Structure formats: C-alpha cells, structure tokens
Amino acid sequence: MVLAVRASGISIGYIDEEEEYIVWAVRRVDLAIEEGDAFCLVGESGSGKTTFANAIAGILPPHVVTRGKLYIFDRLAIDESTWNFNGLRGRVVSYIPQNPGTSLSPFLTIEEHFYHVLRDTLRYDREKSRKAAIEALLKVGLDRGVLEDYPHELSGGMQQRVLIAIALASNAKIIVADEPTSAIDANLRASVLQLLGKLNREYRVTLLIVTHDLASTSIVCNRLAVMLAGKIVETGRTISVLRNPQHPYTKMLLDCVPLLGVKKPLKPLPGEPIQVVEDKAICPFRERCPRAIDKCVEEPPLKPVGDEESHYVKCWRLTGGESE
Amino acid sequence: MSSILELQKVTAGYKSVKGFKSLIKRVEIVLREISFTVEKGERVAIIGESGSGKTTILRVILGLLKPISGKVLIYGKDLYSLPSDQRLQILRRIGYVPQDPYKSLNPVLKIKYIVGEPLEAAGVEWRYIGERIREVLKIVGLPQSILNDTAEELSGGMRQRVLIARAIIAEPEILVLDEPTSALDVSIQAQIINLLNSIYNTFKVTMITVTHDLGVAQYLADRLIILKSGKIVEEGSVDEVLRDPKSEYTKSLITSYLRITGINSLNNIKIRGQYV
Amino acid sequence: MPPSLPFIRLVHRNLRKYRFKIGLSITIAILVLSLVSQYIAPYPREGLGYVPVGEESRRLLPPSPQYLFGTDTLGRDLFSRVIMASRSAIIQAFSVVFLSLIIGLIVGVLAAYFKGLVELVLNYLTELFMAIPSIVIALFFRLTLEAGFHVVIISLVTTWWAWYARITYVYAKGVVELDYVVLAKLSGLSPAKIIMRHVVGVIIQPILVQAISDLGSALLEASGINFMGLGLPPGYPDWGVILYEGISEMGIIAFTRAPWLVFYPGLFILLTTLGFTLLADPLREDLDPRLRRRWKLWF
Ligand SMILES: Nc1ncnc2c1ncn2[C@@H]1O[C@H](COP(=O)(O)OP(=O)(O)OP(=O)(O)O)[C@@H](O)[C@H]1O
Ligand SMILES: Nc1ncnc2c1ncn2[C@@H]1O[C@H](COP(=O)(O)OP(=O)(O)OP(=O)(O)O)[C@@H](O)[C@H]1O
Ligand code: SF4
Ligand SMILES: [Mg+2]
Ligand SMILES: [Mg+2]
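Rules used in this analysis
As a convention, each chain's residues are numbered from 1 in the sequence order in which they are written. Working convention: letters from A go to chains and numbers from 1 go to ligands, in the order in which they are written. Whole-chain, interface and lining totals are the exception, using all residues; otherwise, since this is a predicted model, local features are given only for residues with pLDDT of at least 70 and side-chain atom pairs are given and counted only at 80 or more. The side-chain quantities take in all heavy atoms of the structure and omit both hydrogens and water. Near is defined per residue: the residue qualifies when any heavy atom it owns lies within 4 Å of the molecule or strand. Both site types are read off a 1 Å grid over the protein atoms alone. A 1.4 Å probe that fits but cannot get out defines a cavity, while an open set with protein on both sides within 12 Å along at least five of seven lines defines a pocket; lining residues have an atom within 4 Å of a point. Assignment of a molecule to a cavity or pocket requires that more than half of its atoms lie within 2 Å of the corresponding grid points. Gly is placed with the polar residues, together with every amino acid not listed as nonpolar (Ala, Val, Leu, Ile, Met, Phe, Trp, Tyr, Cys and Pro) or charged (Asp, Glu, Lys and Arg). In plain words, nonpolar cores are sets of buried Ala, Val, Leu, Ile, Met, Phe, Trp, Tyr and Cys residues tied together by side-chain atoms within 4.5 Å. Any residue under 20% of the maximum accessible area for its type is buried, any over 50% is exposed, and the rest in between are partly exposed; the area is computed with a 1.4 Å probe on protein chains only. Numbered from the N terminus, helices here are DSSP runs of H or I no shorter than four residues, and strands are runs of E no shorter than two. Residue contacts are counted whenever heavy atoms from the two residues lie within 4.5 Å of one another. Here the coordinating atoms are restricted to nitrogen, oxygen and sulfur within 2.8 Å of the metal centre, or 3.2 Å for Na, K and Ca, and because water is not among them the sites may look incomplete. Between N or O atoms, a polar contact is any pair within 3.5 Å; within protein, one atom must be a potential hydrogen donor and the other a potential acceptor, and residues adjacent in sequence are included only when both atoms are from side chains. Here the buried area means the combined drop in accessible surface, using a 1.4 Å probe, for two parts upon being joined, counting both sides. Any Lys or Arg side-chain nitrogen located within 4 Å of an Asp or Glu carboxyl oxygen qualifies as a salt bridge. Grid points are joined across faces, edges and corners, and a volume is the space filled by probe spheres set on the points.

A closer look at the site of ligand 3
Residue and element names in this part refer to chain A. His247, Pro248, Cys283, Arg286, Cys289, Arg291, Ala292, Cys296, Pro300, Cys315, Trp316 and Arg317 make up every residue found near ligand 3. Judged by the proximity of its atoms to the pocket grid, ligand 3 belongs to the second largest cavity. Each residue belonging to the shell around ligand 3 can be placed in one class, and the counts come to eight nonpolar, one polar and three charged.

Next up, the structure:
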C-alpha cells in the first residue's frame, strides 16, 4: 500500500507577534494516510486541525516553526525546520478553502478562476484550462454554463462545488478540504459531503477533510483521527470509532452533536480549549477530563483498542490499560 | 388576546439600488404574505435555507423594515402605525441576538458597556447597571473578569454569550435569536443551546429562533415554521413535522439532514424520550 | 469612556518599534525646538525678520562657528531663522490637519449615518471641495486678506477637510449597517451616542493614523504656499519663506553660490516630514497587517 501522507513526530508552532513565545498548534504527531483513503480530522476549535491540514497542503504562513518530518508520496516535504513544497503544492496536493464566499474573487469569472490556478500549477493555456474546467465541472455535477458566471451569480452550494472542481482540475492526488460544510446550509451539507465521497471512490483521490462535526464524518470518511490540543488522541476506522468511542474526549464530542429525531440531552464539553505554549508531556485532556486519575499527569501512549485492528487511543484509562 | 406576536399577510422586500439609483425605484420582494402567530411563552423556530428570508422576517418584527403590505401586531398593537416613542417602548420588551457574533460586537468597546447599553438607553444610572451586569454575566456563564476586556479578545462562544447577556439584561418578554449557533463549532453549539433553554425555563420568555439547522431547531423550539423562498410551506409542532412532514420541501430537508449522520430513511426516526 | 482609548493602547503597543521611536524623537525634538528656539537662537531679532542695518559685509557668509548655518541675502543669521521657523511649521501642520480632521469627521459620519438627502448633499459638497486646488484659494485669499497664518490654514483646510470627509465616509459606511449599530438603535440609544460610540469610536483609529502621516504633507503644502509668497509675509521665520527669499533674491544660482540658503530649510522640512511618517507607519501596519513587510527595514 502506498502512503499518501506520512507524518513522523511533526510539530508546528506559530511564533507570537512579539517573538516572545511559540504557540504549538500541532505537537509530535505521527500519522499515515494511505492512498485512496478518505481521512477525517476532527476536533474542537483551536485544536490544530487547520494547521495540520495547511502543512500538508503546503500553505503554512511564514511565521511558523516546524519540527519532525512530513512525507507526501514518499517525498520529504518538511524536514525539521526546512520545507520544500515545490512540485507538490497545487499539483499533488490541492486545497479547498473553508469559505466559498471569500475564496473566490468577485472580479473573475469561473473560467478565469480555473485559468489562473491551472496556469500557475500546470502551465496550461486558456484552451487547455477550459477543457479541464469543463471536465472537472462535470464531475461535480455542474454544466459548462457556469464558466461565464461571476461567483456572486452562483448559490453557496454551487460556489463550494466550483472550488471542489478547481481542486479536481489540477489532477491532484490528494485533496485537502478545510471545513467544507461549515459555511453552507445544513440542507446543502449532505450533497457536498456526498460529492466528496463520490470523488474519492470513483477517481481514487485521497481526501483529507477537516471538520468539527464528528457525526457528519461517517458519510464520507472511512478513517478518522480526533485531534485535541495539537495531538491525535484517537484514530481508527470511522465506524469503529463512532460505534465504540474510547477516549473521553471523543465520547464528549459525540454527545454534543444534535441527532434529528433523537431526543438526547446535549452534553457540551466542559471548559475552553487551551493554547499550548509549553509542550509538556501530559495528557492534553487532563484539566477537563471527568475520568482523570493521578497517572494522567504523564502522557499516555497511543495504544491499540482491544482486538480492533488500527483503532488506537491515547488514554490511560483504557480497558486493558494499566490502571483499570 | 394571548398571542404576543402576530404577522398578518406580511409582504416585504428591499429597495433595489441597481441601475439608475433614484429614477426607478424597484422593490425586490423577499417575503410573500407571511402570516403566523406566536403565543406567550412559546418556543418557535423559523427554518429555511440561506436567502429564504429568515433574517428579513426578524427585521420586520423588530421594526427595522416596514412591510409593503400586511400588519405586525405585538401585544395586539400594530407596530408600524404606532408613534415612535410607543414603538420603542414595545421594542424594549424584545431581546435580539443577531446573526453573526463576529460582526455584532463593537470591537473597541469594553464588554460592560456593551452589555449595559440597553439599560443605559432606558435611562438607568450606571451604578445600578453595574450590579445587573454582574448578574446577567453569571446567568450566561461568563467570568466577571471580562468586564473590562474588549470583544476582540473573546472566542466565538464567549461573544455569543455576551450577546445573549445583552439581550436579556432588560428582562425582555420576547427573545429573538438569529442563527444563534451556526457560527460556532459543535461543542460550543451545545453549550449555547443548553444556555438558551435554561434561560427559557428560568425566565419564561417567548423564544423565536431562526436557523437553517433542523437538528438545532428541535432543541430550541416546540413549533416549527418552514420557509421556502419567502413563503411558509409548513407549520406544526416539532414532533408532527419530523414524523409526518406534509410538504415535499420539508421531506427533502429531513432526508438530507439525516443523510449526513448516516441514517438513510425517514422510517428510522424515532421520537423518544424528553429533552432535559 | 473616551473613544480614543484604543488609540492610546495602539500607540503603547508600538512604543518598542525602532521606527516609531525615531519618528517620535524627531517629532518631539521639533516640538521642543519650536517652544525654546526663541531663547536659544543667537540672534532672535534677526530670526523674527529684523534686517541688521549698515552691515552689508554680513551678507551671504558661509557657515562658520559664529553663524552656524551662514547668513542670508540680507545678512541675517540663518541658524536663528531656521530654528525659529520650527514654530510656524508646527502651527501650520497641526492646525491644518486638526481642523480638517474635525470638519471631515463630522461631515463624513453624518453623510454615512443619515442616508438619503443628507448623504447626497454632503457627498456632492465633499467632491466639490476635493476638486478645488488649494493654491487657487491661497491666491484668492492673498488678494483679499492680509498675509498671515490664516491664509495658509484656511486655504489648505478648504480642500483638506474633503479628503477626511471621504475616508471617514468610506469607513463609516462599512460600520453603520453592522449589527451593533442596529442593536443600539433598537434599544433606543440617542443618535448622538450611537454615532460617537459605535461609529466614530470604531473608525477613529485608522483616520487618526492617516492624520498623523498627513502632518508631513500638510507641512510640505504649507511650505509650498509660503514658498510662492502667497501665505506668510516676507521676513517671517518659516522654512518656505526662507527658501523663497533665498531663491527669489538670487535665482537658481543660489544652489551653487550659497547652497546653505536652500540646504538648511530644506533639510528641516525633510526631517520633520520624515519624523511624522516614521511615527505613522508602524501604527498603520499594526492596524492593517496586510501592510506588514516580510523583510525589516534596517532599523
Ligand atoms: N495564523 C496564525 N497565527 C498565530 N497563531 C495561530 C494562527 N493560526 C492558528 N493559530 C493558533 O494555533 C492554534 C490551532 O489553530 P488551528 O487554526 O489549527 O485550529 P483549528 O482546529 O483549525 O480550529 P478552528 O476549528 O477554529 O478552525 C490555535 O491556538 C490558534 O490560536
Ligand atoms: N439589506 C438588504 N438589501 C437588499 N436585499 C437584501 C438585504 N438583506 C437581504 N436581502 C435579500 O433578501 C433575501 C433574503 O435575505 P435574508 O437575509 O432574509 O435571508 P436569510 O434566510 O436570513 O439567509 P441567511 O441564512 O443567509 O442569513 C436575499 O435574497 C438577500 O439577497
Ligand atoms: S489519560 Fe486520563 S486525563 Fe487523559 S483522557 Fe484519559 S482518563 Fe482523561
Ligand atoms: Mg480551522
Ligand atoms: Mg439570515
């Protein structure tokens, strides 16, 4: 199996404006995404999902420091503090920005959007980019008529699909989508998610979707990782994580999603997410965890859950863990 | 009459300023003959997709947009034919939480002045306001330490709490919420939903919520009003609408919502238990 | 609750930046100079324009320990004249910017807040005044009024306020539709308070920063008017007037025959302008991070 993304011990921090401290958004993360996977990164606001996704897409801002190694299709993209995304960014990895309303320029037609992107990444001329655009629009269920339109003439859902089509047109092998559904109606969410799932199955694009809504991951993703304060605390096949969540944080994330027709009380997460300035080896959930024990001052290892292969959890109080 | 709010065949729209500005005054109709009533103490949600006119309904209710035809009755009085001081008197009994918490707070003002503003405008002296501010902050679960901060330092969830505190400080009888959770992530969304329901239970307000999220609506309302392109297509209690939707549009809303969570058919909905 | 509170915080945040420090030092130095120059000038009377009689030999002396900047065409000590001119520079720059700012702010905010006819009329007015060149107005006033500060200040303010009205209008227009203004209106807050708190209070920072950086341009334009002999009377200690006197007496050869006549007043104009710019630049960057440079200046 080819690995599309392999991160080993990767840390990403933002240098504070006054250059006094570093906010660590991602901390010593190991992760592997296989080619053709649909992978979800889930977590509350501020947990570092966007930062990690941006690192894979190669669009980290300049005031960032990195540690560890990141491989994309076995090419070293981040090597400790140096990065090299040439030839990867836009070509191998393509990025769908979060907000369709603000990521399309109001002054360009959809065709020009395609042209600008494809010219910069693949050196296409107008003709070629038009052809590629029509093909990609077809895949997302839009016809060539929208090429002549300006973004404001399209609905939010159509804009979102245009962005997906632009990502597709560059023939990228990995598509990174940051919160593809949070800016659009609940009513449109399903169709956008299904579209992404279809692209993944039919064209074997590797998907990395970032979201805060744990429940909506099951429609597209076959694997997911739950992120908390820059660390991955639970990862595995979507079904096994959703059916059998092990980490207290995952359970609580599930508890706060409203399910239509199911009258359960909503249990919000206690406390506010933290900003990590000092990367200490403790359990990142300790202060907010209802099940915390003394041992939790140490950082738990990522351990497999029971006999479920590839389901890992980072928590001391696992069945089979030392303290239970 | 016990109905606290009544819309009678309200048609409303915006003046379009395209083309020759002042020569041709075109009006773009957004709401068409909207009629509904809200009883005292009820929780109503208005559901619709983006652009369907949800916010416009609230603007009409809040006296910000005069309907082209039709009437808005609050406490039985026609809002738009009242003299402006009486209208203000009525509007002061409505607490309003606007759509986007990131654009609804003055970025340079201290939180205490934001929260205390409705009382200040009503002529209460600041030394009494201070006490009341501390009370409402406690109700919405904000630390007193933020009183002297500005909004820029707050997270989305905290901003929404500040807006809710501002809305309830003058003890309104009607609470109007425009998309109270859609800018927030799910765990914060759950906090805000629980907070709003506890406010509803403690203060017995009438609550009108606008949202595009059916899942949120079932927590914040007893009755749903479904809106499509400015028209009401369905109205009924939450259980009724979810179990037995009458219009095609409502059905499609429900199926697409369910699909997200991996449930495929309407039959799978079980209405069970009670919300706590 | 002064709306400028965030502005003070903004200044405080930037105190550490070198550019800001240098700008502040220059500005303070010029301000102090404008206050004390008449006491430290070696020839204060000549500084004010008095022409020494019967001392033709003192004319056009190059810089020397006795006359630090040399002497001018009439035999006056240039050092005294140049440092005493700092007062007129400060008065003109600050009063032009301050008055324009006040008028422009009021007009711009009113136009944005009260829509309809008020907006239309005020905007046409603004555009009208933007189109009038200040030199023409200065010429007009010079022909009808006595020479003096008021000519310079009135003629500059007449056009300058319109620019502030325009930027205020643009900023305010983006704010008046926001929900906090709607909320304040709903709770019945008086329009005056809404305007001060939710409109002026929010937009004042970038406008103040713009005003600070405009101090330099105001000085340049005022010097220009004085240089053309349209503003202050001849002999008055002002950098524009000093330049005018040097060049009008000697023509272009002043640059080679007596370069100090142009060099020193020019240098002071430049330094003061630089001071204001360095002061405003970091503040502007702070307000709008998009302006931030990836590389740093040498200081
Ligand atoms: N451009 C930036 N400069 C400085 N700090 C940043 C920047 N972007 C993110 N951070 C910090 O990094 C941490 C993680 O942020 P990140 O955006 O990756 O989280 P997220 O999980 O995507 O959250 P959200 O759901 O809010 O988008 C946060 O504490 C945030 O304050
Ligand atoms: N101030 C305005 N001027 C002109 N047209 C407007 C204005 N506000 C809204 N509209 C138009 O009215 C229609 C309904 O808008 P409204 O804001 O009521 O929708 P909404 O249901 O609240 O949508 P959303 O979920 O996006 O907030 C839209 O087509 C919009 O373009
Ligand atoms: S390790 Fe301890 S504190 Fe951390 S999640 Fe598990 S039980 Fe909670
Ligand atoms: Mg993010
Ligand atoms: Mg709306």
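That shown, we press on.
Observations concerning the nonpolar core
The biggest cluster of nonpolar side chains holds 80 residues, and the ones touching the most others in it are B:Leu5, B:Leu7, B:Phe36, B:Ile57, B:Val72, B:Ile74 and B:Val162. Top element by residues in this core is helix α6 (residues 186-203) of chain B. It accounts for eight residues. Residues in contact with B:Leu5, not counting those within four places in the same chain, are B:Phe36, B:Thr37, B:Val38, B:Ile61, B:Val72, B:Leu73, B:Ile74 and B:Ile208. One finds C:Ile90, C:Leu156, C:Ile195 and C:Val202 within the second-largest nonpolar core, a separate group that totals 75 residues.

Examining the coordination of the magnesium ion (ligand 5)
Residue and element names in this part refer to chain B. Taken together, the protein ligands of the magnesium ion (ligand 5) are Thr55 (OG1) and Gln99 (OE1), with distances of 1.8 to 2.5 Å. Of the two residues, threonine 55 sits in helix α1 (residues 54-61) while glutamine 99 sits in the loop between β6 (94-97) and α3 (111-121), which places them 44 residues apart along the sequence. Note on threonine 55: relative accessible area 26%, which makes it partly exposed.

Section: the side chain of C:Ser134
Residue and element names in this part refer to chain C. With respect to the element layout, serine 134 can be found in helix α6 (residues 134-144). Overall, serine 134 belongs to the buried group, its relative accessible area being 10%. Within the local environment of serine 134, its side chain forms a polar contact with the side chain of glutamate 221, the two groups lying 3.4 Å apart. With residues up to four places along the chain from it excluded, the contact list for serine 134 reads Ser155, Leu156, Thr159 and Glu221.

Regarding the interface of chain B and chain A
At the junction of the two partners, chain B supplies 41 residues and chain A supplies 30 residues. Here chain B and chain A share an interface that buries about 3,200 Å² over both sides, 59% of which is from carbon and sulfur atoms. Summed over the shared surface of chain B and chain A, the number is zero salt bridges. Applying the counting rule to chain B against chain A returns three residue pairs in polar contact (both at pLDDT 80 or more). Among the secondary structure elements, those contributing two or more residues to the side of chain B that touches chain A are α6, α7 (214-220), α8 (238-243) and α9 (248-260) of chain B. Its residues placed into classes, the side of chain B that touches chain A shows 19 nonpolar, 15 polar and seven charged.

Considerations on empty space enclosed by the protein
Using the criterion set out here, one finds six cavities of 30 Å³ or more in the structure. Approximately 170 Å³ is the volume found for the largest cavity. Every residue lining the largest cavity is counted, 14 residues in all, and those nearest its centre are B:Ile94, B:Gly95, B:Pro118, B:Arg166 and C:Ser187. Counting only elements with at least two residues in the lining of the largest cavity, the list comes to β6 and α5 (156-168) of chain B together with α8 (179-186) of chain C. Here the residues of the lining of the largest cavity are counted per class, giving 10 nonpolar, two polar and two charged. Considered as a void within the structure, the second largest cavity measures approximately 80 Å³ in volume. Residues that form the lining of the second largest cavity fall into these classes: nine nonpolar, one polar and three charged.

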